[in-house]
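Analysis of the macromolecular model
Given next are the chains, with one letter for each unit.
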Amino acid sequence: MDGARAAGASAVPRRPLTAFRASRRGRVWWAAAALEEALREAQRAYPSETGGLLLGWSGQPGMVFISQVIGPGPGASHRATAFSPDAAWQEEQLAYAYELAGRRLQYLGDWHTHPRGTTRLSRTDRATLRHIAEHPDARAERPVMAVLAGGPLWQISVRQQVHGRGGPRPLILEVWKSPSD
């Protein structure tokens, strides 16, 4: 018996990343702590809209890992059907998170709420996804958008914009416990 097992640690088989190949529809794995943070912010702002940034990794279309969220910021304005983030604050938080992660974190896209609404993307949401995809400084060729709808019980939908393939594609959401949880 090796030292780790003798010390009481259970053997966990390691699955290669290829085992997580995206299905035809695609998947998003959202860290539980990050999702809980977004849900807390959604509850705080309810019945007004709120949102923020999604951070993590995405190596290919339909395979997204969300490890962190950044909220709207202290200077954000919230209304029933729209919100304006504190962009300067968000940029500072994004730079800090990027450095803290050893520059191995990506900006993936945005998340926001539709209080008392549906997870359906609005025309503005679709335009925002296209703008992110086309904006070189965003470095997000295939951005994602998460919508938390309803409240106080929330429905969650995540979609990814993929070039040359029509509108944003829905992703299957899976929640994962990250090592930092």
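Residues numbered from 1 in each chain as written. Predicted model: local features only at pLDDT ≥ 70, side-chain atom pairs only at ≥ 80, totals over all residues. Heavy atoms only, no water.

Turning to unusual backbone geometry, a few remarks are in order. Residues other than glycine predominantly adopt negative phi, and peptide bonds predominantly adopt the trans conformation. Residue Tyr46 is joined to Pro47 through a cis peptide bond whose omega torsion reads 10°. Turning to its location among the elements, Pro47 is positioned in the loop between α2 (32–45) and β2 (51–60). Cis geometry marks the peptide bond from Gly151 to Pro152; its omega dihedral reads 0°. Positionally, Pro152 belongs in the loop between β7 (144–150) and β8 (154–160). Notably, Arg116 is not glycine yet its phi reads approximately 60°, a positive angle. Along the chain, Arg116 falls in the loop between β6 (106–115) and α4 (123–134). Judged by its relative accessible area of 63%, Arg116 is exposed. Within the chain, Arg139 stands out as a residue other than glycine whose phi angle is a positive 55°. For Arg139, the location among the structural elements is in the loop between α4 and β7. Residue class for Arg139 comes out exposed when judged on its relative accessible area of 66%. (Helix = DSSP H or I, 4+ residues; strand = E, 2+ residues; numbered from the N terminus. Buried < 20%, exposed > 50% of the residue type's maximum accessible area, 1.4 Å probe, protein only.)

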